[in-house]
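A closer look at the structure
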Amino acid sequence: MYYFSLFADLLEKSRVAGQSQGERNFHIFYQLLTGADPGTLASLKLTSDPNQFAILNKSGCVAVDTVDDRNNYHMVINGMKVIGFREGEIKAVHQLLASVLKLGNVEFAHRSNMDGTDGCEIEDDTVLRDIADLLSCSMDNLYESLTRKSVEVRGEKVKSDLNLAGATYARDALCKAIYSRMFSWLVTRINDSIRVKSQSTGKCKVMGVLDIYGFEVFQENSFEQFIINYCNEKLQQIFIELTLKEEQDEYIKEGIEWIHVDFFNNSVICELIEKSPTKVDSSVGKSKYMPNVGILAMLDEECLRPGNVTDKTFLEKLNVACGNHPHYESRGCRKNQSDRTLAHDIFRLKHYAGNVTYKVEGFIEKNNDLLFRDLSQAMFACDHSLLKALFPEGDPALKSLKRPATTGSQFKVSVTELMKNLLSKNPNYVRCIKPNDQKKPGVFTLDIVKHQVRYLGLMENVRVRRAGYAFRQTYPQFLYRYKMLANETWPHWSGDPKEGVKIICLAQDISTDEYAFGKSKIFIRNPRMLFDMEERRRDRMHYLAVMIQKTYKGWKQQKLYQLMRASQVIIAARFRGFWAQKQYKKTKNATLVLQCFVRGWRARVLLKKLKREKLELWAVAVIRKYFLGWRVRKEYRKKFRAQAGPKIVKFLQVALKKQFLLNLKKSLPSMSPTDPYWPKCSPRFKNTSDQLQVLFHRWRCAKYRQKFDTAERYKMKEKVTASDLFKDKKEGYTQTVSNAFAGDYQNLRQNPKWKKMNEVANDNHVVFADAIKKVNRANGKMVDQLLVVSTQAILVIEHHTMMVKYRIPVAEIKRISLSPFRDTLVVLHLQKHENGDKLSKKGDFLFCCDHAMEAVAKTYLVIQNSTSQAPSVQISKQFSAQFGATSVQLNFQSGVQDIVGGIKIQRRKNVMDVLES
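Residues numbered from 1 in each chain as written. Predicted model: local features only at pLDDT ≥ 70, side-chain atom pairs only at ≥ 80, totals over all residues. Heavy atoms only, no water.

Along its length, the chain carries 29 helices and 24 strands. For the chain, the proportion of its 917 residues judged to be buried stands at 38%. When contacts within the chain are restricted to residue pairs at least 6 apart in sequence, long-range pairs at least 24 apart make up 59% of them. If you sum the accessible surface of the chain, you get close to 56,400 Å²; carbon and sulfur atoms cover 55% of it. (Helix = DSSP H or I, 4+ residues; strand = E, 2+ residues; numbered from the N terminus. Buried < 20%, exposed > 50% of the residue type's maximum accessible area, 1.4 Å probe, protein only. Contact = heavy atoms within 4.5 Å. Areas by Shrake-Rupley, 256 points an atom, 1.4 Å probe, with all protein chains shown as cover.)

Time to look at the pairing of strand β17 (residues 813–818). As paired strands, β17 and strand β18 (residues 825–830) are joined by four bridges and run antiparallel to one another. Counterpart to I813 in the pairing with β18 is L830. Linking two consecutive strands that pair antiparallel, namely β17 and β18, is a turn of six residues. Pairing of β17 with strand β20 (residues 872–875), which is carried by four bridges, proceeds in the parallel orientation. (Pairing = 2+ DSSP bridges.)

Further remarks concern the packing of aromatic side chains. For any two aromatic rings, the description comes down to two numbers: the centre-to-centre distance and the angle of the planes. Per the counting criterion, the structure on display carries 22 aromatic pairs. For the ring pair F226 and F363, a centre distance of 5.9 Å and an interplane angle of 50° mean the geometry is tilted. With F226 in helix α10 (residues 223–254) and F363 in helix α14 (residues 363–367), this pair connects stretches of sequence that are 137 residues apart. Here the aromatic rings of F314 and F363 are separated by 6.0 Å at their centres, their planes lie at 25°, and the arrangement is stacked. Taken as a pair, F314 in helix α13 (residues 311–322) and F363 in helix α14 lie far apart in primary sequence, 49 residues in all. When its relative accessible area of 0% is taken as the criterion, F314 is described as buried. The class of F363 is buried, set by a relative accessible area of 0%. Through pairs of rings, three or more aromatic residues link up here, namely F223, F226, F314, Y328, F347, Y358 and F363. The positively charged end of R24 is found above the aromatic ring belonging to Y30, 4.0 Å away from the centroid. The ring of F85 has R189 lying over it, and the distance from NZ or CZ to the ring centre is 4.8 Å. (Phe/Tyr/Trp six-rings, centres within 6.5 Å; stacked < 30°, edge-to-face > 60°. Lys NZ or Arg CZ within 6 Å of the ring centre and 35° of its normal.)

The four strands are arranged β21-β22-β24-β23 in an open sheet whose pairing can be described as mixed. Where the open sheet ends on each side, the last strands, each with one partner, are β21 (878–883) and β23 (903–908). Between one strand and the next, the sheet's axes are offset by a mean angle of 25°, whatever the strand orientation. Here five bridges tie strand β22 (residues 886–893) to strand β24 (residues 911–916), and the two strands are oriented parallel to one another. When the bridges of β24 are listed, Q889 appears paired with V911. (Axes fitted to C-alpha atoms, helices over the stretch in contact; angles between N-to-C directions.)

Turning our eyes to something else, we now look at a nonpolar patch on the surface. Taken together, the side chains of L560, L563 and M564 define a hydrophobic patch exposed on the protein surface, amounting to about 310 Å² of accessible area. Along the chain, the position of L563 falls in helix α22 (residues 527–635). (Patch = residues over 30% accessible without salt bridge, like charges linked within 9 Å, V, L, I, M, F, W, Y side chains within 5 Å. Salt bridge = Lys/Arg side-chain N within 4 Å of Asp/Glu carboxyl O.)

This part covers the packing of helix α3 (residues 27–35) against helix α6 (residues 87–104). It is at 11 Å that the axes of α3 and α6 come closest, and there the two elements cross at 105°. Taken together, the axes of α3 and α6 lie roughly perpendicular to each other. Of α6, the residues touching α3 (which contributes I28, F29, L32 and L33) are H94, L97, V100 and L101. Residues of the contact of α3 with α6, tallied by class, amount to seven nonpolar, one polar and no charged. (Parallel < 35°, antiparallel > 145°, perpendicular 65-115°, else oblique. Nonpolar A, V, L, I, M, F, W, Y, C, P; charged D, E, K, R; others polar.)

Moving on, we come to unusual backbone geometry. Cis geometry marks the peptide bond from W490 to P491, where omega comes out at 0°. In this structure, P491 sits in the loop between α20 (475–482) and α21 (497–507). Despite not being glycine, K45 shows a phi value in the positive range, around 65°. With respect to the element layout, K45 can be found in the loop between α4 (38–43) and α5 (69–83). Classification of K45 by relative accessible area gives partly exposed; the value is 31%. For N747, which is not glycine, the phi dihedral falls at a positive 50°. With respect to the secondary-structure elements, N747 resides in the loop between α26 (733–736) and α27 (752–761). Judged by its relative accessible area of 47%, N747 is partly exposed.

Let us now look at the confidence of the model for the chain. The predicted model of the chain has a mean per-residue pLDDT of 82, with 87% of residues at 70 or higher. Counted against residues more than four places away or in other chains, residues 1–6, with its pLDDT under 50, gives 20 contacts. (pLDDT = per-residue confidence, 0-100.)

It is worth spelling out the packing of helix α25 (residues 710–726) against helix α29 (residues 852–867) at this point. The angle between the axes and the distance between the axes are what describe a pair of packed helices. As a packed pair, α25 and α29 sit with axes 9 Å apart at the nearest point and diverge in direction by 110°. Put simply, α25 runs roughly perpendicular to α29. The segment α25 lies against α29, with Y714, K717, E718, T721, A722, L725 and F726 engaging M853, V856, A857, K858, Y860, L861, V862 and N865.

The tendency in soluble globular proteins is for nonpolar side chains to be buried side by side. Among the nonpolar cores identified, the biggest contains 63 residues, and L46, L146 and M379 are the most heavily contacted of them. Considering each element in turn, this core owes the most residues, 13 residues, to helix α9 (residues 164–201). Excluding residues that lie within four positions of it along the chain, L46 makes contacts with L32, L33, L41, F53, A98, L101 and K102. If you look at the next biggest cluster of nonpolar residues, it comprises 39 residues, including I238, L318, Y328 and V360. (Core = buried A, V, L, I, M, F, W, Y, C linked by side-chain atoms within 4.5 Å.)

A few words now on the pairing of strand β12 (residues 521–524). With three bridges connecting them, strand β11 (residues 515–517) and β12 associate as antiparallel partners. Considered in β12, the bridge of F517 is made with I522.

Now for the side chain of K774. Within the fold, K774 resides in strand β13 (residues 766–775). Buried charge K774 goes without a salt bridge, the closest partner of opposite sign being E798 at 10 Å. (Lys, Arg positive; Asp, Glu negative; His and termini not counted.)

Tracing the backbone shows Q889 in strand β22. Under the relative-accessibility criterion, Q889 is labelled partly exposed at 30%. As a C-alpha pair, Q889 and V911 span 22 residues in sequence and 4.8 Å in three-dimensional space. In this structure, Q889 is in contact with Q878, F879, S880, N910, V911 and M912, ignoring residues within four places of it in sequence.

This brings us to the sheet that holds β13. The strand order across the open sheet built from eight strands is β16-β15-β14-β13-β19-β18-β17-β20, with neighbouring strands paired in mixed fashion. Taken across any chain shown, the strands that pair with only one partner, and hence form the sheet edges, are β16 (804–809) and β20. Taken pair by pair, the neighbouring strands of this sheet meet at an average axis angle of 30°, ignoring direction. Examined bridge by bridge, β18 and strand β19 (residues 845–848) share four bridges and lie antiparallel to one another. Looking at the pairing, V827 lines up with L846 of β19.

In the structure shown here, the tally under the stated rule is 29 salt bridges. As a salt-bridge pair, E329 and K350 come within 3.2 Å of each other at their nearest N and O atoms. Taken together, the positions of E329 in strand β7 (residues 328–330) and K350 in strand β8 (residues 346–351) put the pair 21 residues apart, joining distant regions of the chain. In this structure, D744 and R749 form a salt bridge, with 3.4 Å as the shortest nitrogen-oxygen distance. Taking relative accessible area as the criterion, D744 reaches 13% and is therefore assigned buried. Within this structure, R111, E144, R148, K159 and D161 form a network of salt bridges that share partners.

A few words on the environment of V888. Tracing the backbone through its elements, the reader meets V888 in strand β22. Each C-alpha atom, one on V888 and one on M912, is 6.8 Å from the other, the two residues being 24 residues apart in sequence. Apart from residues lying up to four places away in sequence, V888 is in contact with F879, S880, A881, F883, R907, N910, V911 and M912.

Okay, a negative patch on the surface next. Where like charges cluster on the molecular surface, the negative patch consists of E107, E121, E123 and D124. Considering the arrangement of structural elements, one finds E123 in the loop between β2 (118–122) and α7 (125–135). Owing to a relative accessible area of 56%, E123 belongs among the exposed residues under this scheme. (Charge placed at Lys NZ, Arg CZ, Asp CG, Glu CD.)

The next subject is the environment of V127. By the element assignment, V127 lies in helix α7. Separated by 82 residues in sequence, V127 and K45 place their C-alpha atoms 9.1 Å apart. Beyond its immediate stretch of four places on either side in the chain, V127 contacts K102, N105 and V106.

Put into structure tokens, the structure is as follows:
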């Protein structure tokens, strides 16, 4: 994974800007254009045709029959989600890929400046605007960094125009930098995710695969092949050290008898490329150390040296420094001046895999593949979530005048880190053999395979493995694993581990030819011996497991018997306690019953006595009352007939009123304001009952309203307003009155585009939002839009792009008109102004809304709250509307046959017919 990232970042990024004939760009570009859904492509400003993009259509290879780009795209996206990529990260990667495709389409035109210098300008800034939108950056800043270059000398910053070639180079360098750094970030992100998942699952051993088959020999080999072959030389060196040299060194170190096997050591070629040897200067006559004489070091010197530097001067410098090296050949060397197979612009290296000729054309330019500082700063200034991490050198706080490292230097450092990483591991190798040069299945070319077997060092490796021992292990580890195979070493061996291993081998009767004892390890020649040891260990472990199981089962049964015996004692004790408690409760209950009967008899006797006393007291009181009444009647008999009549009448009236109020109190209706029940009463109290009913209804309505907060009261106010406006005036009102007013039917408050747009528009609170059909004033055709009613204005928005088409301040609406039928057409009549602003010129606004009554009620209250004056609402079969300078009569007709969709609008001169099915 690391090796693949290394090549993509430093070498393969050249594929982004240009490809050879018949060669495709990176597959992800074609997968994105073919596999992404139309909505994703639209948000990325892309089309699905790869031929529309300059970095894809020049090599003549857009589609491959054997590659399914659509399916591969979905596999890549699913894989990213499984690994742990978030949706925001996947979207950010899509935006970077789209920006690379768009950058390839940026074209420059030559411009002659007033001072006589050459400059350039971008022909079409539409593509640049799309790129700025994708990267969330300033279009002017991006334009400036692509067409101009700044140079800072001694604290002074000077800007100069780039010519046509310089601007093209800057564009291609930016494309390559964005893609390669994004790819490196992806590799790092994947490695981190795998590491985290491994640690979270407890499987911390993460294995990696390194493909060292990559030695390239073409008809023309350039800087890329030189770097690739250098890396393969280093990997071959690691392979030699870890498999051949280290193998033989271990036998010698352990004192094992061994026959040495010769092999080719390619360290001399690695020194030629990367190290600085000592050279004798014949003119001086003494040894002189010359730094930077390795090929990579000399290439960096030429890139940094002032003056006229070309690929030819670099080759001449190589001929002087490396002319006597046995693995370097060139026509400029004295030993190869007569070699006609070498051209004058190439040099040849004798690699471990064979001789390779390299054409020096382009070495300087490819090693100097730098990104202008202005472009790095422009990328860092973007608000994109990844660009600040991808271009850290663009941070103004970390500004440095130091020249960036060359491609060769970066590659050398990366290869060194790779070598250190490999040397710290215990790698296993899988050698890949290319069967033919035609890349065809089922074709096996013997000469090609033999050549690969020779230069990959496989023959030497096989000889070393066959002559040596297949398995080796330290004595403590071997003893720990196989100690159960001898009685003396089981379960513990306290002596020397080597002696314990010898006892195990003797106990198993293994031939001495099958193993050898080193100083710290035992060496086993045949894997069959190891397999036999494992089989015997497995049998012995089975025997030991049976013994442990037998012992455990006996112990378990003994513990079970002891537990059952203790349980029996506890159960018996608990039962005896339970039985005694039960007998006690039975005796106690019988005693309580006897006590109850005695207490009941005594209470009844006492009650009978008390009742007799109470009856006697009542009789005395009655007799006294009758006596007092007789005495009063006797004394006031003469006055009784004259005054008793009015008093009795008044007493009866008061009694009846009191009885009416008491009965009304007992039979009051529920507290629900919708409960129509009211108790019946005598006609005598009908007026009073009606007034009390009104008062009670008002009181319970006030109590009902006190339960709600301000928002709920406002919702009730909206319902009341809708009732006042439409009840018994417009068809369909009864079907809508029971439905709650949702207001925001589009969930607009959660829409990030609306939030971003609202910060600029400052339309505070969304009262109503729904999809509508805007009616064209000229021909009556309808188009889908989004209607938003806020506390400040009515907005008509393009549904997909969230762009505001119209903004109508609520103060500009003077009247709202509807028909009495079921149609959903609403007309907003706007104020006329003498200055003739844009809204006034267009005239009244017509739209169809499925929630028309709710929209009108909410708009009515918004206008009333904003202007302190409610607009008039007109409901009529005919009314006029102002379309610009023309007054148009709207006629509504219901019950028309053959109307598809419920409504049809026709415009004929100054009349507009609205037909409803």
